[in-house]
Amino acid sequence: MGFQSYGDLPRRMARLAHIAAVMLPLINIVIGSKLDLLALSPKWRRWASWLLLLGAVTLPPALLAQALSPTLAALHVSGVPAFALTAALLITAGGALRSRGAALLQP
């Protein structure tokens, strides 16, 4: 197991780290620009913002670390950043649903 074959898990994780390093900041820009429009309290907006930043900054290096170190791969160090991103997206989805519901109720 390693980087010899194109389909080896460490090599796929390194490719995923590269994709995450490019796309997660773009996702942050898109969601961050719309965060104030969602039906969320300031506290939940802050949580969503910080969790998005935490995930975007820590997930690519965590994936690369797992690709390079079998010990870190066994510890699943990318789990915490992935959970942070998931929690942030659930918060923003909840705010979007509440915003959409409020818009539907207005005449």
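Being a predicted model, the structure only gives us computed values, none of them experimental. (Residues numbered from 1 in each chain as written. Predicted model: local features only at pLDDT ≥ 70, side-chain atom pairs only at ≥ 80, totals over all residues. Heavy atoms only, no water.)

A. Expanded view of the side chain of Q66. Mapped onto the secondary structure, Q66 falls in helix α2 (residues 42-68). Here V77 takes part through its backbone nitrogen, which lies 3.2 Å from a polar atom of the side chain of Q66. Setting aside residues up to four positions removed in sequence, Q66 forms contacts with M13, L72, A73, H76, V77 and S78. (Helix = DSSP H or I, 4+ residues; strand = E, 2+ residues; numbered from the N terminus. Polar contact = N/O pair within 3.5 Å; in protein donor to acceptor, adjacent residues only side chain to side chain. Contact = heavy atoms within 4.5 Å.)

B. Quick look at α2. An ideal rise of 1.5 Å per residue puts 39 Å on 27 residues; α2 measures up with 39 Å between its terminal C-alpha atoms. Helix geometry: α2 is bent most strongly at T58, by close to 35 degrees, with proline P60 lying one to four residues after it. All of the buried residues in α2 are A48, L51, L52, G55, A56, L59, P60, A62, L63, Q66 and A67. (Expected span 1.5 Å × (residues − 1). Bend = angle between axes of the 7 residues up to and from the residue. Buried < 20%, exposed > 50% of the residue type's maximum accessible area, 1.4 Å probe, protein only.)

C. Broad picture of the nonpolar core. Core analysis: the biggest nonpolar cluster contains 21 residues, and L24, L35, L51 and L63 have the highest contact counts within it. Those elements giving two or more residues to this core turn out to be α1 (9-34), α2 and α4 (79-105). Here this core takes seven residues from α2, the largest share from any one element. When residues no more than four places from it in sequence are discounted, the contact partners of L24 are G55, A56, L59, P60 and L85. (Core = buried A, V, L, I, M, F, W, Y, C linked by side-chain atoms within 4.5 Å.)

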